[in-house]
Amino acid sequence: MALCPVCESKSPSFEALGVHFAEETKKSDVGHVMWLNRNVTKDKEAEPELPRLLEGFFDIDGIGLSRWIKTRFIERFFGKRPHPFVLALQHPTKPVLLGYVLEHQHFLKQWVRSLSWVLAKTDSPEATREELDNITTEFYGHGSDQPSHYELLLRMGESFGLKREDILATPPLPATARAIETWQSIGRTRHWVETMAAMHSLELIANRDVKRDGATLTYFDPRILEGGAVTNETRAFLWEGYEADVEHSEVPLEMVERFAGQLGIIEDVQFTFLRSMEAFDSYLMARLERGMQFDGGLAAFIGGGA
Amino acid sequence: MKPPTAGCALCGATWGDDWEEVDGSRLFFCCEVCAKQYRGIVGEAKRRKGWAAVDKVEMQGDFRGRVCTVRYGPETNKFLISFFEDGELRTFAELG
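Let me begin by describing the structure that accompanies this report. The residue count restarts for each chain, going from 1 along the sequence in the order it is written. Here the convention is simple: chains get letters from A, ligands get numbers from 1, in the order in which they are written. Residue-level local features of this predicted model are given only where pLDDT is at least 70; pairs of side-chain atoms are given and counted only at 80 or more, and the full residue set underlies all totals for whole chains, interfaces and linings. Excluded from the side-chain calculation are hydrogens and water; included are all heavy atoms of the structure.

Points about the packing of helix α6 (residues 94-121) of chain A against helix α10 (residues 174-189) of chain A
Residue and element names in this part refer to chain A.
Alright, step 1. In the contact formed by α6 and α10, the axes pass within 9 Å of each other and the chain directions differ by 5°. As the angle between them shows, α6 and α10 are arranged roughly parallel. Residue-level contacts link Glu 103, His 106, Phe 107, Gln 110, Arg 113, Ser 114, Trp 117 and Lys 121 of α6 to Thr 176, Ile 180, Trp 183, Gln 184, Gly 187, Arg 188 and Thr 189 of α10.
Alright, step 2. Throughout this entry, Asp, Glu, Lys and Arg are counted as charged residues, while Ala, Val, Leu, Ile, Met, Phe, Trp, Tyr, Cys and Pro are counted as nonpolar. The remaining residues, Gly among them, count as polar. Along the lines of polarity and charge, the residues of the contact of α6 with α10 split into four nonpolar, seven polar and four charged. All axes are obtained by fitting lines to C-alpha atoms, using only the stretch in contact for helices, and the reported angles, taken between N-to-C directions, cover 0 to 180 degrees. Helical segments are the DSSP runs of H or I of at least four residues, strand segments are the runs of E of at least two, and each set is numbered from the N terminus. Orientation categories follow fixed angle ranges, with anything under 35 degrees roughly parallel, anything over 145 roughly antiparallel, 65 to 115 roughly perpendicular, and all other angles oblique. In what follows, residue pairs with any heavy atoms lying within 4.5 Å of each other are defined as contacts.

Structure (structure tokens):
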């Protein structure tokens with residue numbers, strides 16, 4: 001069975017899914033055309049090859065679901081055309097980090113809501129423990145010695161002269177709000193294993209091991225954590241993610257792979273992961289767009305693609 | 001207005017079959033959202049500069065954002081523009 005990544009229609013084979021895509025593109029259907037353009041090819045001449053190309057895109061044989069997610073994620077954010085926010089974060093300026101703070105506070109609140117959907121729906125003690133631990137690290141903290149990621153983010157903003165009350169009073173940009181709606185919808189409507197995949201795959205963004213798996217660069221140049229290139233609060237915030245996100249992404253994704261296989265919902269997980277990845281791509285752009293409110297020169301990071 | 005050489009006038013894709021008239025030129029688009037975005041680019045350039053028409057649109061970038069150089073007679077307008085997936089304007093920034 002092959003699941004359409006756009007309309008979720010089921011096809012008996014990739015041959016049939018290729019025919020489905022060909023029919024939809026002849027109608028200039030926005031969703032199907034856009035998906036092919038971004039993920040497979042912009043070239044209509046490739047139509048006879050669509051079944052093979054689609055099967056290659058979704059194939060997990062020999063690598064497993066977890067590594068497939070990692071591969072697709074690395075391709076999108078750390079591949080030949082790295083995401084503009086990742087480029088901007090290599091050696092971040094104050095406006096880049098201000099954009100990070102003002103938008104990410106909203107992401108982290110949604111993070112708790114999304115993982116709470118998992119908690120509300122799962123009957124797995126293993127998944128419950130994983131999500132409780134993650135929420136604690138990200139939002140509640142482990143006492144004064146280990147503040148939460150959310151607290152470290154706010155302190156980073158304060159280190160640039162922003163008042164905490166002003167940070168908290170800043171509403172999300174429309175793009176961030178749209179992405180949050182997507183994640184909330186995923187939590188509300190999809191299986192909890194799909195929600196786990198949708199959210200924990202996003203922690204691959206700060207996984208320092210991505211270069212080992214084919215990334216051309218990491219989330220930021222780790223050398224900025226040395227010396228005085230960034231404020232102490234920035235170093236504390238980035239270091240926390242650098243330390244935590246290997247475990248925070250890989251352990252739950254291994255769990256997702258196991259549960260998805262047992263429940264027979266691998267294609268559904270792939271569908272929801274791809275939807276979440278699109279939302280995340282757009283959300284990262286929102287961080288840069290917020291940064292552009294402080295420095296219009298950040299526009300130079302956007303528009304360099306083909 | 002001088003049309004692009006091949007593929008969708010916005011993204012270059014050759015899927016789809018959406019032909020629309022923009023500023024007197026009949027152009028090919030892969031989907032209606034690309035057409036809407038292209039009209040947005042031309043419309044923003046004309047509105048912000050007070051131009052009656054546009055002669056040529058050159059673009060670099062992708063769905064995350066496009067640097068557009070729009071020409072009308074001897075005048076040029078360069079800007080960064082991006083759109084939401086439904087074709088609504090998302091970002092516009094004048095570039096020097």
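Quick look at the side chain of Ser 28 of chain A
Alright, step 1. Looking at the element boundaries, Ser 28 of chain A is found in the loop between α1 (14-26) and α2 (30-39).
Alright, step 2. Those residues in contact with Ser 28 of chain A that lie beyond four places of it in its chain are Val 33 of chain A together with Gly 16, Asp 17, Asp 18, Cys 30 and Cys 31 of chain B.

Some remarks on the sheet that holds strand β3 (residues 56-62) of chain B
All names here are of chain B.
Alright, step 1. Two strands are counted as paired when DSSP detects at least two bridges linking them. Across the sheet, four strands lie side by side as β3-β4-β5-β6; this open sheet has antiparallel pairing. One side of each edge strand has no neighbouring strand; the edge strands of this open sheet are β3 and β6 (89-94). Strand-to-strand twist across the sheet, computed as the mean angle between neighbouring axes with direction ignored, equals 25°.
Alright, step 2. Where strand β4 (residues 65-72) and strand β5 (residues 75-83) come together, seven bridges link them in antiparallel fashion. In the sheet register, Tyr 72 faces β5, and the bridge partner there is Glu 75.
Alright, step 3. The sheet strands contacting helix α1 (residues 32-49) are β3, β4, β5 and β6, and the helix crosses β5 at an angle near 135°.

Considerations on the interface of chain A and chain B
Alright, step 1. Taken together, the contact pairs 36 residues of chain A with 27 residues of chain B.
Alright, step 2. Both sides of the chain A and chain B interface together cover about 2600 Å² of buried area, and 56% of this is carbon and sulfur.
Alright, step 3. Of the charged contacts in the structure, one is a salt bridge between Glu 289 of chain A and Arg 90 of chain B, with a shortest N-O distance of 2.8 Å.
Alright, step 4. Throughout this description, a polar contact denotes any pair of N or O atoms lying within 3.5 Å of each other; where both atoms belong to protein, one of them has to be capable of donating a hydrogen while the other can accept it, and for residues adjacent in sequence the pair is counted only when both atoms sit in side chains. At the surface where chain A touches chain B, the tally comes to 14 residue pairs in polar contact (both at pLDDT 80 or more).
Alright, step 5. With seven residues, helix α13 (residues 266-292) of chain A is the single largest residue contributor to the side of chain A that touches chain B.
Alright, step 6. Across the side of chain A that touches chain B, the residue classes break down as 15 nonpolar, nine polar and 12 charged. Two parts lose some accessible area (1.4 Å probe) when they are put together, and adding that loss for both gives the buried area. Only one rule defines a salt bridge in this text: a Lys or Arg side-chain nitrogen within 4 Å of an Asp or Glu carboxyl oxygen.

Structural notes on the layout of surface pockets
Alright, step 1. Reported here for the largest pocket is a volume of approximately 1500 Å³.
Alright, step 2. Here a cavity denotes a set of grid points, spaced 1 Å apart and computed over the protein atoms alone, in which a 1.4 Å probe fits but from which it cannot get out, and a pocket denotes an open set meeting protein on both sides within 12 Å along at least five of seven lines; residues with an atom within 4 Å of a point are reported as lining. For the largest pocket, the lining is made up of 50 residues, of which Arg 38, Arg 76 and Glu 278 of chain A together with Phe 63 and Glu 85 of chain B are closest to its centre.
Alright, step 3. Contributing elements (two or more residues each) for the lining of the largest pocket: α2, α4 (64-78), α10 and α13 of chain A together with α1 and β5 of chain B.
Alright, step 4. By residue number, the principal contributor to the lining of the largest pocket is α13 of chain A, which donates 10 residues.
Alright, step 5. By residue class, the composition of the lining of the largest pocket is 23 nonpolar, nine polar and 18 charged. Grid points are joined across faces, edges and corners, and a volume is the space filled by probe spheres set on the points.

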